[in-house]
There are 2 protein chains.
Amino acid sequence: MQGEQSSRTVQSVQTTIDIVEHLREVGEAGVTDLAAALDHSKGTIHSHLATLLENEYVVRNGDRYGLSLKFLDFGEYVKSQLEIYDVVVEELDDLAAETGEVAQFATEEHGRAVYLYKAHGNQAVNTASSVSKREYIHCISLGKAMLAQFPEERVDEIVDRHGLPAKTSNTITERDELAAELQEIRERGYAVDDEEMIEGIRCVAAPITNDGVVGAISISGPSSRMAGERFEETLPSKLLRSANVIEINAKFS
Amino acid sequence: MQGEQSSRTVQSVQTTIDIVEHLREVGEAGVTDLAAALDHSKGTIHSHLATLLENEYVVRNGDRYGLSLKFLDFGEYVKSQLEIYDVVVEELDDLAAETGEVAQFATEEHGRAVYLYKAHGNQAVNTASSVSKREYIHCISLGKAMLAQFPEERVDEIVDRHGLPAKTSNTITERDELAAELQEIRERGYAVDDEEMIEGIRCVAAPITNDGVVGAISISGPSSRMAGERFEETLPSKLLRSANVIEINAKFS
DNA sequence: AATAATTGTTTGCAAGGGCCGAACGCTCTC
DNA sequence: GAGAGCGTTCGGCCCTTGCAAACAATTATT
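Residues numbered from 1 in each chain as written. Chains lettered and ligands numbered in written order. Predicted model: local features only at pLDDT ≥ 70, side-chain atom pairs only at ≥ 80, totals over all residues. Heavy atoms only, no water.

1. Looking at helix α9 (residues 228-251) of chain B
In an α-helix, one turn spans 3.6 residues; hence positions three or four apart end up facing the same way. Residue and element names in this part refer to chain B. What counts, and what does not: For helices the rule is a DSSP run of H or I covering at least 4 residues; for strands it is a run of E covering at least 2, with both sets numbered from the N terminus onward. Multiplying one less than the number of residues by 1.5 Å gives the expected span of a helix. What the bend at a residue measures is the angle between two axes, fitted to the seven residues ending there and to the seven starting there. Each residue is placed in one exposure class: buried if its accessible area under a 1.4 Å probe, protein chains only, is under 20% of its type's maximum, exposed if it is over 50%, and partly exposed if it falls in between. Here a residue-residue contact requires only that any non-hydrogen atoms of the pair lie within 4.5 Å.
The terminal C-alpha atoms of α9 lie 34 Å apart, and with 24 residues this matches the ideal 34 Å at 1.5 Å per residue to within 8%. At leucine 235, α9 shows its largest bend, some 30 degrees, and a proline, proline 236, comes one to four positions later. Taken residue by residue, α9 has Phe231, Leu235, Pro236, Leu239, Ser242, Ala243, Ile246, Glu247 and Ala250 as its buried positions. On its buried face, α9 sits against α5 (85-99), β7 (191-194), β8 (201-209) and β9 (213-222).

2. Quick notes on the protein's contact with DNA strand D
Just so we agree on the cut-off: The nearness test applies per residue and asks whether one of its heavy atoms lies within 4 Å of the molecule or strand. Any N or O atom pair separated by 3.5 Å or less is treated as a polar contact, with the protein-specific requirement of one donor-capable and one acceptor-capable atom, and with residues adjacent in sequence counted only for side-chain atom pairs.
Residues in contact with DNA strand D amount to 22 residues; listed here are only the nearest, A:Thr44, B:Gln11, B:Val31, B:Thr32 and B:His46. Of what DNA strand D places within 4 Å of the protein, 62% of the atoms are sugar or phosphate. With respect to DNA strand D, the side chain of B:Arg8 contributes an N or O atom lying 3.0 Å from a base oxygen. Between a base nitrogen of DNA strand D and a side-chain N or O atom of B:Lys42, the distance comes to 3.0 Å. Looking at the surface near DNA strand D, the elements with two or more residues in it are α1 (11-26) and α3 (42-54) of chain A together with α1 (11-26), α2 (31-38) and α3 (42-54) of chain B. If one sorts the elements of the surface near DNA strand D by residue count, α3(B) sits on top with three residues.

3. Re the sheet that holds strand β2 (residues 58-61) of chain A
Sheet strands pair by backbone hydrogen bonding; their relative direction is either parallel or antiparallel. All names here are of chain A. Put simply, the rule is: Note: two strands are recorded as paired if DSSP finds a minimum of 2 bridges between them.
What the three strands build is an open sheet, ordered β1-β3-β2; its pairing is antiparallel. Sheet topology places β1 (28-29) and β2 at the edges, where each strand pairs with a single neighbour. Across four bridges, β2 lies against strand β3 (residues 64-67) in antiparallel orientation. Note on β3: the bridge partner recorded for asparagine 61 is arginine 64.

4. Notes on the protein's contact with DNA strand C
What surrounds DNA strand C is a group of 22 residues, the closest being A:Arg8, A:Gln11, A:Thr32, A:His46 and B:Thr44. A share of 65% is what sugar and phosphate atoms reach among the atoms of DNA strand C within 4 Å of the protein. Separating a phosphate oxygen of DNA strand C from a backbone N or O atom of A:Ser12 is a distance of 3.2 Å. Between DNA strand C and B:Thr44, the relevant distance is 2.5 Å, taken from a phosphate oxygen to a side-chain nitrogen or oxygen of the residue.

5. Focus on the pattern of salt bridges
Selection criterion: Between Lys or Arg on one side and Asp or Glu on the other, a salt bridge is scored when a side-chain nitrogen of the former is within 4 Å of a carboxyl oxygen of the latter.
Within this structure, the stated rule accounts for 40 salt bridges over all chains. Connected through shared salt-bridge partners, A:Glu56, B:Glu109, B:Arg134 and B:Arg161 make up one network.

6. Regarding the relation of the copies chain B and chain A
What relates the pair of chain copies is a rotation about an axis plus a shift along that axis. Just so we agree on the cut-off: Copies are brought into register by a least-squares superposition over C-alpha atoms of residues with pLDDT of at least 70 in both.
Note on the copies: chain B fits chain A at an RMSD of 0.1 Å, the axial shift is 0.0 Å, and the rotation between them is 180 degrees. Read as a symmetry element, the transformation amounts to a two-fold axis.

7. So, the interface of chain B and chain A
Interfaces are often sized by the amount of accessible area the parts lose when they come together. Condition: In this description, buried area is defined as the sum, over both parts, of the accessible area (probe of 1.4 Å) that is lost when the two are combined. Side-chain classes follow a simple rule in which Ala, Val, Leu, Ile, Met, Phe, Trp, Tyr, Cys and Pro form the nonpolar group, Asp, Glu, Lys and Arg form the charged group, and the remainder, Gly included, forms the polar group.
Chain B puts 53 residues into the contact, and the matching count from chain A is 52 residues. Of all residues in chain B, B:Arg24, B:Leu69 and B:Leu72 give up the largest surface area on contact with chain A, accounting jointly for 13% of the area buried on that side. Scanning the region where chain B abuts chain A turns up eight salt bridges. Salt-bridge contacts for B:Lys70 lead to A:Glu21; the nearest nitrogen and oxygen are separated by 2.9 Å. Along the contact surface separating chain B from chain A lie 25 residue pairs in polar contact (both at pLDDT 80 or more). At the level of secondary structure, the elements contributing two or more residues to the side of chain B that touches chain A comprise α1, α3, β2 (58-61), α4 (70-81), β4 (102-109) and β5 (112-120) of chain B. The element best represented in the side of chain B that touches chain A is α4(B), accounting for 11 residues. For the side of chain B that touches chain A, the per-class residue count stands at 22 nonpolar, 18 polar and 13 charged.

8. What to know about the sheet that holds β5(B)
Residue and element names in this part refer to chain B. To keep it simple, the criterion reads: Only C-alpha atoms enter the line fits that serve as axes; for helices the fit covers just the stretch in contact. Angles between N-to-C directions range over 0 to 180 degrees.
Across the sheet, six strands lie side by side as β6-β5-β4-β9-β8-β7; this open sheet has antiparallel pairing. Edge positions in the sheet fall to β6 (134-136) and β7, since each has one partner strand and no second. Averaged over neighbouring strand pairs, the angle between their axes works out to 30 degrees when direction is ignored. Where β5 lies against β6, three bridges are found, and the strand directions are antiparallel. From the neighbouring strand, alanine 113 faces β6, where its bridge partner is glutamate 135. The strands touched by α9 are β7, β8 and β9; relative to β8, the strand with the most contacts, the crossing angle is about 30 degrees.

9. Describing the domain arrangement of chain A
Definition in use: An automatic or database domain assignment provides the domain bounds reported here.
Considered domain by domain, chain A is made up of domain 1 (11-73) and domain 2 (82-251). Taking only C-alpha atoms, the centre of domain 1 of chain A and the centre of domain 2 of chain A are 36 Å apart.

10. Observations concerning the environment of A:Glu247
Residues and elements named next belong to chain A. Looking at the secondary structure, you find glutamate 247 in helix α9 (residues 228-251). Taking the C-alpha atoms as reference points, glutamate 247 and isoleucine 208, separated by 39 residues in sequence, lie 6.4 Å from one another. The contacts of glutamate 247, once residues within four sequence positions are left out, are Pro207, Ile208 and Thr209.

11. Considerations on the side chain of B:Glu195
Residue and element names in this part refer to chain B. For the record, the criterion: Residues scored as positive are Lys and Arg, those scored as negative are Asp and Glu, and His as well as the terminal groups of each chain are ignored.
With respect to the element layout, glutamate 195 can be found in the loop between β7 and β8. The buried charged residue glutamate 195 lacks any salt bridge partner; its closest oppositely charged side chain belongs to arginine 202, at an N-O distance of 4.8 Å. A polar atom in the side chain of glutamate 195 sits 2.5 Å from the side chain of serine 223. Discounting chain neighbours no more than four positions away, the residues touching glutamate 195 are Thr168, Asn170, Gly200, Ile201, Arg202 and Ser223.

12. Observations concerning the environment of A:Val213
Residues and elements named next belong to chain A. Tracing the backbone shows valine 213 in strand β9 (residues 213-222). Among the residues examined, valine 213 registers a relative accessible area of 25% and is labelled partly exposed. Along the backbone, valine 213 and alanine 148 are 65 residues apart, and their C-alpha atoms lie at a distance of 9.9 Å.

13. Some points on the pairing of strand β4 (residues 102-109) of chain A
Residues and elements named next belong to chain A. The buried count for β4 comes to eight of eight residues, which makes it a mostly enclosed element. Residue alternation in β4 divides its side chains into two sets, Val102, Gln104, Ala106 and Glu108 and Ala103, Phe105, Thr107 and Glu109, and both sets are buried. Where β4 meets strand β5 (residues 112-120), eight bridges bridge the pair, whose relative direction is antiparallel. Residue pairing for β5: phenylalanine 105 is matched across the bridge by tyrosine 117. Joining the antiparallel neighbours β4 and β5 is a turn of two residues, in which histidine 110 adopts a positive phi near 50 degrees.

Next up, the structure:
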């Protein structure tokens, strides 16, 4: 029953985190910039940067500081912890090639969907998603496919935390509407996004489970092509087959 | 004249860093594990983890903590800051396809070489290198190609910091030997690794400069194939042509 | 050229906060 | 149901962090 709030935290660590996130936003900055932006003295910022520099989380070009490639190392490591990643890549490349559309993989973290891989078919349209991008979970098919597998309390927690902001006129913005949709997804076996995130884009998505939800895969494309039998039969069945292949691989590795 | 030592640092930030790096090593751990491993009280570890959790740098499965995908986001960001990355990928894929060997890209950070991309040709042999891996700079062709472009003081700094540890019997372990080699590289225009890092593997590498050194690219393979005219003419010229393409692209973007 | 204005760096000092240790609640095991 | 393990909470002491102001070093201005 971990309450999400009010544990005792370490303030000086928080300022270091603020520094790192500011650098993530602006690319690079000097001591004075950071001191002004984060409302600390120059001396304070300096000693924090010295700590980060000593541990190589930060590099300096002259008098400007930026994030180091150590973050890349950590990122690659975190990705490699997902054992299913390699199989997913293989299957999504196949799906994208067969369908010509965009095929994606995402997982859930802290109540958001995180895109982890994107394969482009030869007719693929570009959307804003990209590796490591975070997105609200209720308005994309990938997210709903995962939500449908979660226990009710967990869904409630996530909605409490992030709300149900509208992205288009089709976005689900009410809790009971969401609950009904999730029920439908469970019955149907896959999730659908009917222009709920981006106007003109429809998606289908299937969850990947392996002793709990590990993520979801999806196919997305323009509504004109995502219609009729293709949208209701062909693509879902391809998708479910791929999800199945991934799950079987995961089970025996 | 930034001395590398003795600036005032923030100790509590250091413990958070220790926690993060420990998690990077063991994958996941509980409060008690961390307290024992890092020699702190459980309470201390707890408040640090709470800070990390609140900022989403860490996830918890039950009572075990692990690094979150936020590191992936930061890693991707840092990679994207290297504007030349996309061109490099394209050129290395070509090089690997043409030659059948392994083609790689690395840059320098904190006196070490950091691999950033690896393309496999159809005869490629597997080496231990991989994206974000750090390696000593003096014993690989990529590293020497970069060192040869640095001012003498910078080379000295790096050697002071990391030394010249031997990896094979061919590794350069003396400063004057290194200086002579770097001079030769400057005259020749590219660097060579003759089994100095791994027995049986030879490489050629060329620096990528754009208002300073941004990295280096290399081709590596088994010594049996990396010999004669191919090693001394064909591969170096292909490599230099690719380096040139990359530099021109970098200049106009 | 000389001076002014910025920058990053250092340091003394005071107060605020981090760390420990012990106690608590919880969940599993035996 | 008692024990051992875990994560969590909390009071209080002491250390350390953070500020402000002075310093150094570079750049802009006159």
